[in-house]
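Summary of structural features
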2 protein chains.
Amino acid sequence: MLKDTKTQRRPKAETPKGFRDYFGAEVTERSAMLARIAEVYRHYGFEALETSAVETVEALGKFLPDVDRPNEGVFAWKEEEDWLALRYDLTAPLARVYAQHRAQLPTPYRRYAMGPVWRNEKPGPGRFRQFYQCDADTVGTPTVAADAEICAMLADALETVGITRGDYLIKINNRKVLNGVLEKLGLTEEPIKRGEPITENEAALGLYAEMIRRNVENISRLDVLRTVDKFDKVGLEGVRQLLTVGRKDASGAFIEGVGLSDEQADIVLQFLGAKGHTNDDTLWNLRKAVSGAKIGEEGVDELEEIASLLSAQGYGPDRVLIDPSVVRGLGYYTGPVFEAELTFEIRDEKGRQQKFGSVAGGGRYDDLVKRFTGESVPATGISIGVDRLLAALRAKRRVADEQPGPVVVTVMDRDRMADTFAIVAELRAAGIRAEPYLGNPKSFGNQMKYADRRRAPFAIIEGSDEKARGVVQVKDLVAGARAAETASLEEWKDRPAQQEVPRGELVQRLKALLAK
Amino acid sequence: MLKDTKTQRRPKAETPKGFRDYFGAEVTERSAMLARIAEVYRHYGFEALETSAVETVEALGKFLPDVDRPNEGVFAWKEEEDWLALRYDLTAPLARVYAQHRAQLPTPYRRYAMGPVWRNEKPGPGRFRQFYQCDADTVGTPTVAADAEICAMLADALETVGITRGDYLIKINNRKVLNGVLEKLGLTEEPIKRGEPITENEAALGLYAEMIRRNVENISRLDVLRTVDKFDKVGLEGVRQLLTVGRKDASGAFIEGVGLSDEQADIVLQFLGAKGHTNDDTLWNLRKAVSGAKIGEEGVDELEEIASLLSAQGYGPDRVLIDPSVVRGLGYYTGPVFEAELTFEIRDEKGRQQKFGSVAGGGRYDDLVKRFTGESVPATGISIGVDRLLAALRAKRRVADEQPGPVVVTVMDRDRMADTFAIVAELRAAGIRAEPYLGNPKSFGNQMKYADRRRAPFAIIEGSDEKARGVVQVKDLVAGARAAETASLEEWKDRPAQQEVPRGELVQRLKALLAK
C-alpha cells in the first residue's frame, strides 16, 4: 500500500475563513428563539418546509457558468455534469419547491422555513459566511390581505420572543408608489437582471438583491433611489441637493448630484415628506405626490387597504406605520415592502447612543416562480435576521439569563466511581442537571477548576470519611466565588460556601439550595 | 449591457439527485424529537456545539488532493487556495473544535451536536445525500466510566422520545476483546488508513468507517471480522465453515472460506459463543476466550466495570447487555463499542416480520484529535441515526398524531376581507390556529377544496346574509368527510357537518368542538 508522505504534516485545526463555531448558550438561545417564532408562524396557519442546503445552480437562479466558476456570491462546485451550490437564502429554494410540487401543494401555499444560508463574500467583523434566516411566505395570491397578515404575524413574532410593544415599529411602503414617483420623473424601466451586488443593509438582513437599473438620459432610477435612501442621514434639504447639483458632506468632500431638475426633485421631496402624523395623513400626502401616475395611485390604494385590515385587527400605527422613506429591497419587490425596526437605543462600540435598527424585512415579489413555469406567481413574505434579533434580545437582556452549569459530583477515589455514579443518578432522577467528574481525579484542585469552568452551582464531595459518617459535603461555588470577592458576613452566613448534609437528605437539600 | 441568450431556457425545478424536501409534520416531528433528546443530553451535563457545515478538507481528515478532486465520499470544492468540504459527520468537526479551542474548553469536554451532514455517495431508496445526525461525546478522558455514562444516557434518550423499556437493547462489546481474539489467531495490525469505503449499516447510521486492514499470510483481520459479523445470519456452524474451508449458501452458491485452521476457528467460535444468560456469564466466557492475550483481558475488565457502573444505577441487562457479536464500527474505535437495537418487529416492504434493528451506535476512539496536536486524546461518544429513530417512532405510532390543519375562515365577498380578518384575529387570540382564505374567493368550491388540502378541521362561513342575522356557519370538515363515507345517523346527529352559531359565541363553540 502506498503511503502519502504529505499526510505526515499536521493539519491546521481551524474553521475556514468567515466561518465560526457556536457554543452552549449561543446554540440553545437561538434554538429557543426560533422555536417560539415557529410557534407563531404555525398559529397563523403556516406550514414548515425544510429544503436541503444544496441546490442546483440552475434552480438557484444564477446563470449557468460558461467559465470555470459561476457567480462568486455563492459557494458552488461542479459535481459530475451538474453545478451545485449552497443556498444563499430561503426564498430561491421556496420558488423551486413551489414550481416543483405545486400540483400537490395547496394554493395559496403558506410556508415557513428556518435554517442556515451561505454567502461566498468577504467576511468582516460580525459578518459570517454562514448565518441563519427565518422566513415566512404566502405564495400564489395577489391580494395585499396576505401582506397585511404577514405584517401582523411579524409583530406577534417580535413580541413573542421578547421585544416589547413600543420597542419596535413595522414600517411599510409600496414599490408601486415609488414607481409612480419615478414615472413622474420620466424615468423608465429596464429589464431585471439577477445576481447584482448586495447592499450592506440587505446582506445584514440576509436578503439578496436583484437591483433594477433604469436609465433615462444618463440618470438612473437606482441613483435616485439610493439618494432617497439617504433621507434618514441627510434630511430633506440634503436629499434635494444630492438629487440636483450635489452637496458637500460633513467632511467637506463634494458629492456629485444626480442631475435632476428642481421640478423633478420637488416630486421626490413631496414623496419623501409625505409621512404625516397618522397613516391617513400619509396616505393623503402620498396620493398627492403620485397623482396622475396610475401605478402610483394603485400603490397608495394597496397601502390604504393594508393599513385598514391591520387596524381592524388592532394593529395600529404604534405597531405598523406607513413610511415612504422605506426604500429597502429595491430588488425583486413589486408591491408592498416592509421593514421591522427596533426603536430603542443601544450604545455602539464607540459608546454612542444609536437606534438598534432593522431586524426583519420583506415584501411582495411576483416573478420568482415564473423563471421555472413561465407563469407569474404572486407571493409575499418576510425574513427575520436571526442573529440581529438575537443580539437585540441580548442587548435588552430578554433572553433567559445564562443557565448555570450542571452540579458536579467529584471523585475522591477512582475505585469508588460507583458511589459517584449513584449520587449523579439520584440527582438526575430528581430533575437536577448533574454530571460526574470524569477527568483524572488525582488532583482535587483540578476538579474544582473544572467545576468552575462548567459554571457548576454546586460541587458534591463524598470522601471515604464522609462515606463512613453517612454525609456529603455540598460546596457552593457561586457563594464561594462571591465570598472571595465582596460578600458581607450576612451573605456568607446565609449561604455558607460549604456545608455538610446527611447523605439521605442530599437531593432535598440541594433542591432547596438551587431554588434560592 | 450584454444579454445572455442561454438564460432564455427555463431552469428545471428539481432538487439535485439524492436530495429531498421535507414538508410540515416531517419537519416538526423531527424537531420535536431532537429537542427532547437535547434535553436529556443537557440534563446529563452535556453542552451544545454547532459547527458550520463547511470545513477545510484538511481539517476533515481527508488527504489533501494531488489531483483535481479530493476523496469522492465528500462534497468538496476549491475556494481560492483552500479546498473546502461539507462535513460528512459530526465527529470530525468535534475533533477539530477540541484541537482548536482546547485551552478554553473544560476537560473533559462534554458536548452534544445535532444537524445535517452530507455524503457524496450514490443515492438509493431511502438513502439521501443529506441527513441528520445527533451526537454526544465526552472528549479528554480515558475512563470507561464515560462510556458507561453514554450508554445510560442513550437508554434515557430512547425512552424519552417514546421507545418503551423492553423495546430496545443497548449492546456493548469491546474492540480490545476482539483484538485479543485476533492476537490469539496470530493476526497483527497494520496502520490505520482513513477514507475507506463505508458499510451499508454504518452509512445508514451515519457513521463513517476507517476500516483497518490487517494481514498475516494473506488472511486479513478484516475478513475474519466480516465473517464474525455474519453470525446473526448464518449461526455458529456457518461461521465455522466460512472461517475455514467455505460454505454453500441458501441459493447453493459456494462462498470461499477465509482459510483459518480448525484450532483458529475454535478461538473465534469460543468468542462468538460467549454470550451467556447474564452479563456475569458472558464476562466469564469472554475471559476464557481471550485468556493469555493481555489486550483482550484488559477489554474484559473494562466491560465488567461498565456493566457494574450501569447496574449500580439501575441499568441492568434488560437495557444494557454485553454482546460479543457486536462488531460495529470496526473503524477508528479503540475500546468499548455500543449499538442500540430496537427489538420489536415490523413488517418489511414484502410483509415479512423483521426486527427493526439498529438506531444508534458509538464507542471509544482515541486518535482523532492526535492528527492535529500530536497528542492522543481519549474520547467516547454516541451517534443516533435520526431518520431511523423517527421511522421507528412512526412505526410504533409514538409520534404525536398528525396535527390537524388550521381553521380556515372563508371569504364571501372580496370587499369584506376585514370581516374575515376580524374572525381570524379573534380565533388566534383565543389560541386557535386559524387563517383567512387568501386565494381567489370567487368559487366557494375552491375554498372548500383548499380547506380540505390544508386538513382544516373546520371552515367558517359568514356570508352577507349571516352577517345581517349576526350568525356564522361552522362547517365540520372531518365529520363531513366521514359522513360522506360511512357515518351512522347517530354520529351524524352528534356532530352535524354544518351548524349555525351566533357570531358572538363562535370562539366558545369552536373551542368546544375542537376539544371533542
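Note that the coordinates shown come from a computational prediction; the quantities given were computed from them, not determined experimentally.

What follows deals with the UniProt feature "binding site: L-histidine" (unreviewed entry) in chain A. Residue and element names in this part refer to chain A. Under the UniProt annotation, the feature "binding site: L-histidine" (unreviewed entry) is placed at Asp-89, Leu-90, Thr-91, Arg-119, Gln-133, Asp-137, Arg-328, Tyr-332 and Tyr-333. Relative to the elements of secondary structure, Asp-137 occurs in strand 7 (residues 130-139). Reaching out from Asp-137, the side chain makes a polar contact with the side chain of Arg-111 at a distance of 2.9 Å.

All names here are of chain A. Taken together, 3 strands build an open sheet; the order of strands is 3-5-4 and the sheet is antiparallel. Unpaired on one side and paired on the other, strand 3 (54-56) and strand 4 (76-79) mark the two borders of the sheet. Neighbouring strand axes in the sheet, compared pairwise and without regard to direction, differ in orientation by 35° on average. Bridge count for strand 3 against strand 5 (residues 82-86) is 3 bridges, and the pairing is antiparallel. Bridge pairing in strand 5 links Val-54 to Leu-86.

What follows covers the interface of chain B and chain A. The interface is formed by 107 residues belonging to chain B together with 106 residues belonging to chain A. Carbon and sulfur atoms make up 55% of the surface buried where chain B meets chain A, a total of about 9100 Å² over both sides. Viewed at the interface, chain A and chain B are joined by 12 salt bridges. If you look at where chain B meets chain A, you find 49 residue pairs in polar contact (both at pLDDT 80 or more). Counted by class, the side of chain B that touches chain A contains 51 nonpolar, 24 polar and 32 charged residues.

Moving on to the pairing of strand 4 of chain A. Residue and element names in this part refer to chain A. Where strand 4 lies against strand 5, 4 bridges are found, and the strand directions are antiparallel. Considered in strand 5, the bridge of Glu-79 is made with Asp-82. Where strand 4 folds back onto strand 5 in an antiparallel hairpin, the turn is made up of 2 residues, including Glu-80, whose phi is positive at roughly 50°.

Our next topic: the pairing of strand 7 of chain A. Residues and elements named next belong to chain A. Counting buried residues along strand 7, 10 of its 10 residues qualify, which places the element largely inside the surrounding structure. Every second residue of strand 7 is oriented toward a common face, with Gln-130, Tyr-132, Cys-134, Ala-136 and Thr-138 on one face and Phe-131, Gln-133, Asp-135, Asp-137 and Val-139 on the other, all of them buried. Both strand 6 (residues 109-118) and strand 7 contribute to a ladder of 10 bridges, which runs antiparallel. Paired with Tyr-112 across the bridge in strand 7 is Ala-136. Where strand 7 meets strand 16 (residues 379-385), 7 bridges bridge the pair, whose relative direction is antiparallel. Residue pairing in the sheet places Gln-133 in a bridge with Gly-385 of strand 16.

When chain B is fitted onto chain A, the two copies agree to an RMSD of 0.0 Å after a turn of 180° and an axial shift of 0.0 Å. Here the copies are linked by what is in effect a two-fold axis. In terms of proximity to the rotation axis, the leading residue of chain B is Trp-77 of chain B, whose C-alpha is 2.9 Å off the axis. Both copies share a contact surface, since 99% of the interface residues of chain B are interface residues in chain A too.

This next bit is on the confidence of the model for chain A. All names here are of chain A. This prediction gives chain A a mean pLDDT of 84; 85% of its residues lie at or above 70. In the model of chain A, strand 9 (residues 215-216) stands out as the element of lowest mean pLDDT, 34, in contrast to strand 2 (residues 47-50), which has the highest, 97. Segment residues 63-68 is flagged for pLDDT under 50; beyond a separation of four residues in sequence, or across chains, it makes 12 contacts in the model.

The subject of this paragraph is the pattern of salt bridges. Counted according to the given criterion, the structure contains 72 salt bridges over all chains. Between Arg-165 of chain A and Glu-159 of chain A there is a salt bridge; the shortest N-O distance is 3.0 Å. Since its relative accessible area comes to 23%, Glu-159 of chain A is described here as partly exposed. Sharing partners across several salt bridges, the network here consists of Arg-42, Glu-47, Arg-110 and Glu-149 of chain A together with Arg-428, Arg-433, Glu-435 and Arg-454 of chain B.

Right, let's talk about helix 10 (residues 279-290) of chain A for a bit. Residues and elements named next belong to chain A. Across its 12 residues, helix 10 extends 16 Å between first and last C-alpha, which sits within 8% of the 16 Å expected from 1.5 Å per residue. All of the buried residues in helix 10 are Asn-279, Thr-282, Leu-283, Leu-286, Ala-289 and Val-290. Axial view of helix 10: buried residues confined to an arc of 120°, hence all on one face. When the buried face of helix 10 is taken as reference, the exposed residues oriented beyond 90 degrees from it are Asp-280 and Trp-284. The secondary structure elements touched by the buried residues of helix 10 are helix 5 (175-184), helix 9 (262-272), helix 11 (294-312) and strand 13 (320-322).

A few words on the side chain of Asp-366 of chain A. Relative to the helices and strands, Asp-366 of chain A resides in the loop between strand 15 (353-365) and helix 12 (370-373). Discounting chain neighbours no more than four positions away, the residues touching Asp-366 of chain A are Thr-334, Ser-376, Val-377, Pro-378 and Ala-379 of chain A.

Tracing the sequence through the fold places Arg-129 of chain B in the loop between strand 6 (109-118) and strand 7 (130-139). Each C-alpha atom, one on Arg-129 of chain B and one on Val-117 of chain B, is 8.1 Å from the other, the two residues being 12 residues apart in sequence.

Strand order across the open sheet formed by 9 strands is 1(A)-2(B)-6(B)-7(B)-16(B)-15(B)-14(B)-8(B)-13(B), with mixed pairing between neighbours. In this open sheet, the two edge strands, each paired with only one partner strand, are strand 1 (22-23) of chain A together with strand 13 (320-322) of chain B. Where strand 8 (residues 168-174) of chain B and strand 13 of chain B come together, 3 bridges link them in parallel fashion. Among the inter-strand pairings, Ile-172 of chain B is bridged to a residue of strand 13 of chain B, identified as Ile-322 of chain B. Sheet contacts for helix 11 (residues 294-312) of chain B: strand 8, strand 13 and strand 14 (333-347) of chain B; angle to strand 8 of chain B, the most-contacted strand, approximately 150°.

A cis geometry characterises the amide bond from Thr-107 of chain A onward to Pro-108 of chain A, with omega recorded as 0°. Inspection of the secondary structure assignment puts Pro-108 of chain A in the loop between helix 3 (91-101) and strand 6. The backbone of Glu-80 of chain B shows a phi angle near 50°, a positive value even though the residue is not glycine. Residue placement: Glu-80 of chain B occurs in the loop between strand 4 (76-79) and strand 5 (82-86).

A few words on the side chain of Glu-50 of chain B. If you trace the backbone, Glu-50 of chain B turns up in strand 2 (residues 47-50). Among the polar contacts made by the side chain of Glu-50 of chain B, one reaches the side chain of Arg-30 of chain A at a distance of 3.0 Å. Among the polar contacts listed, one links the side chain of Glu-50 of chain B to the side chain of Tyr-132 of chain A, at a separation of 2.6 Å. Those residues in contact with Glu-50 of chain B that lie beyond four places of it in its chain are Arg-20, Asp-21, Tyr-22, Val-27, Arg-30 and Tyr-132 of chain A.

For the pair helix 4 (residues 145-161) of chain A and helix 14 (residues 417-429) of chain B, the least separation of the axes is 12 Å and the interaxial angle reads 25°. With respect to each other, helix 4 of chain A and helix 14 of chain B are oriented roughly parallel. In terms of crossing hand, the pair formed by helix 4 of chain A and helix 14 of chain B is right-handed. Here helix 4 of chain A contributes Ala-145, Ala-148 and Glu-149 of chain A to the contact with helix 14 of chain B, which in turn contributes Met-417, Phe-421 and Arg-428 of chain B. Its residues placed into classes, the contact of helix 4 of chain A with helix 14 of chain B shows 4 nonpolar, no polar and 2 charged.

The rules behind each value
Residues numbered from 1 in each chain as written. Chains lettered and ligands numbered in written order. Predicted model: local features only at pLDDT ≥ 70, side-chain atom pairs only at ≥ 80, totals over all residues. Heavy atoms only, no water. UniProt positions renumbered as here; feature names shortened; annotations may be inferred. Helix = DSSP H or I, 4+ residues; strand = E, 2+ residues; numbered from the N terminus. Polar contact = N/O pair within 3.5 Å; in protein donor to acceptor, adjacent residues only side chain to side chain. Pairing = 2+ DSSP bridges. Axes fitted to C-alpha atoms, helices over the stretch in contact; angles between N-to-C directions. Contact = heavy atoms within 4.5 Å. Buried area = accessible area lost by both parts, 1.4 Å probe. Salt bridge = Lys/Arg side-chain N within 4 Å of Asp/Glu carboxyl O. Nonpolar A, V, L, I, M, F, W, Y, C, P; charged D, E, K, R; others polar. Buried < 20%, exposed > 50% of the residue type's maximum accessible area, 1.4 Å probe, protein only. Least-squares fit on C-alpha atoms with pLDDT ≥ 70 in both. pLDDT = per-residue confidence, 0-100. Expected span 1.5 Å × (residues − 1). Arc of directions from axis to C-beta. Parallel < 35°, antiparallel > 145°, perpendicular 65-115°, else oblique. Left-handed = near helix turned anticlockwise from the far one by under 90°.

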